[in-house]
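# Observations on the three-dimensional arrangement
Residues per chain are reported as follows:
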Amino acid sequence: MAKLSIDELKAKAKELRTLIIDTTVWAGSGHYGGALSSADILTALYFRYLNLDPANPDWEDRDRFILSKGHSGLGYIPCLHLKGYFPVDDLKNFNHFMSPFGMHPDCHKVKGCDASTGSLGHGLPMGLGMALGARLLKKPFKTVVLLGDGECDEGSNYEAMMAAAHYKTDNLIAIVDRNQLMIDGFTEDVMSLEPFADKWKAFNWDVIECDGHNMEELCAALDKAWAANSGKPTVIIAKTVKGKGVKFLENDVRSHYGAFDSAKAEEAKQDIANS
Ligand SMILES: Cc1ncc(C[n+]2csc(CCOP(=O)(O)OP(=O)(O)O)c2C)c(N)n1
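## Here's the deal with the overall build of the chain
Looking only at helices and strands, the chain has 11 helices and 5 strands in total. Taken against the 2.2 N^0.38 rule, which gives 19 Å for 275 residues, the C-alpha radius of gyration of the chain at 17 Å falls within 12% of a compact globule. With respect to the principal axes defined by its C-alpha atoms, the chain has extents near 50 × 45 × 35 Å. Expressed as a percentage of the 275 residues in the chain, the buried residues total 56%. Element-wise, carbon and sulfur atoms account for 53% of the exposed surface of the chain, whose accessible area totals about 11600 Å². Across the chain, the centroid of the 30 positively charged side chains sits 4 Å from that of the 38 negatively charged ones.

## Describing the site of the ligand
Around the ligand, the surrounding shell holds 17 residues, and the nearest of these are H71, G118, D149, G150 and K242. Taking H71, its side chain carries an N or O atom lying 2.7 Å from an oxygen atom of the ligand. With respect to the ligand, the backbone of E151 contributes an N or O atom lying 2.9 Å from an oxygen atom. Out of a free accessible area of 590 Å², the ligand has 78% covered by protein chains. Tallied by class, the residues present in the shell around the ligand amount to 4 nonpolar, 8 polar and 5 charged.

## Quick look at helix α1 (residues 6-27)
Side chains three or four residues apart in an α-helix point the same way, a direct result of the helix having 3.6 residues per turn. Spanning 22 residues, α1 covers 31 Å between terminal C-alpha atoms, matching the ideal 32 Å at 1.5 Å per step. Residue G28 follows α1 closely and has a positive phi angle near 95°.

## Quick look at the side chain of H256
Structurally, H256 is set in the loop between β5 (234-239) and α11 (262-274). Here H256 is in contact with G30, H31, Y32, G33, H71, M182, I183 and K242, once residues within four sequence places are set aside.

## Quick notes on the environment of P195
Position of P195 among the secondary structure elements: in the loop between α8 (187-190) and α9 (196-202). Along the chain, P195 and K247 lie 52 residues apart, while their C-alpha atoms are 29 Å from each other.

## Quick notes on the packing of aromatic side chains
For the structure on display, the rule yields 10 aromatic pairs. Measuring from centroid to centroid gives 5.9 Å for Y158 and F203, while their planes differ by 50°, and the two rings are tilted. Taken as a pair, Y158 in helix α7 (residues 155-166) and F203 in the loop between α9 and β4 (206-211) lie far apart in primary sequence, 45 residues in all. Taking the centre distance of 6.2 Å and the plane angle of 85° together, the rings of F196 and W200 count as edge-to-face.

## A look at the nonpolar core
Formed by 59 residues in total, the largest nonpolar core has its most connected members in L45, Y46, F65, Y76 and I175. Sequence-distant contacts of Y46, defined by excluding residues within four places in its chain, comprise L52, F65, Y76, C79, L80, K83 and G112. One finds A131, Y158, L172 and W200 within the second-largest nonpolar core, a separate group that totals 24 residues.

## What to know about the environment of W226
Structurally, W226 is set in helix α10 (residues 215-227). Among all residues touching W226, those that are not within four sequence positions of it are L45, Y49, L50, D63, K142, V144 and I173.

What counts, and where the lines are drawn
Residues numbered from 1 in each chain as written. Predicted model: local features only at pLDDT ≥ 70, side-chain atom pairs only at ≥ 80, totals over all residues. Heavy atoms only, no water. Helix = DSSP H or I, 4+ residues; strand = E, 2+ residues; numbered from the N terminus. Rg over C-alpha atoms; globule rule 2.2 N^0.38 Å. Buried < 20%, exposed > 50% of the residue type's maximum accessible area, 1.4 Å probe, protein only. Areas by Shrake-Rupley, 256 points an atom, 1.4 Å probe, with all protein chains shown as cover. Lys, Arg positive; Asp, Glu negative; His and termini not counted. Charge placed at Lys NZ, Arg CZ, Asp CG, Glu CD. Near = heavy atom within 4 Å. Polar contact = N/O pair within 3.5 Å; in protein donor to acceptor, adjacent residues only side chain to side chain. Nonpolar A, V, L, I, M, F, W, Y, C, P; charged D, E, K, R; others polar. Expected span 1.5 Å × (residues − 1). Contact = heavy atoms within 4.5 Å. Phe/Tyr/Trp six-rings, centres within 6.5 Å; stacked < 30°, edge-to-face > 60°. Core = buried A, V, L, I, M, F, W, Y, C linked by side-chain atoms within 4.5 Å.

Encoded structure:
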């Protein structure tokens, strides 16, 4: 599939955000704050970087992607639809009884999904395993793991960071959706992460910081991460805004999870269209 230009990516990210609002309505509720903050990252990955074949989801040489912040399935599953893995009508059952799409992604039920997530702190260890697997199998694929910043309170991440550097997995890319908020407050109040970049550097990772809503910066960061051959894994700390694109949700702890009535859903979509 053709790689989208920067302008096309910007338009696609708007399409994804609109679909996140629709899917929240179809589902009855959802984790829209973190889905909206990661929408530009998912769009750039799926429409410019990840080497995938939606007609052949189990292709062995595909790049691997793990949504470690599994509660953002509300953004990830619509993105897989936009990529062509399944029709939009399937999304209308999101989180309904017997649907393949629960609130958190299940790789045994969702085409294109490489790992089941939802219990935070497991994506990076799994991604490290996939990166080491690629090396053992002499496969060229990259493994990309998207983490939440609140998720980085989980100690398992630090074991994986240490091991990834030890094993020099420069085919592994972590991206942190650094929206500064978690379920119950600002990360710096709940469990401070700063100096966050220095922590990754101390674990011997290459660190790139960028604006996670600026498509030019995001793509420059991903270009650099994709080209890495320094023997170090790379992390992109993407500075984002929870609820991005919908003014009444932006940077507000209450936008972690909730529901919309039809008037609020319309207002949200209008905001996205005007953004
Ligand atoms: C192991 C584990 N503990 C707690 C939770 C409940 N939980 C769901 S989302 C969330 C906050 C995560 O914050 P962050 O990673 O910053 O996500 P974002 O703000 O990007 O949505 C928590 C604690 C969980 N899913 N897994």
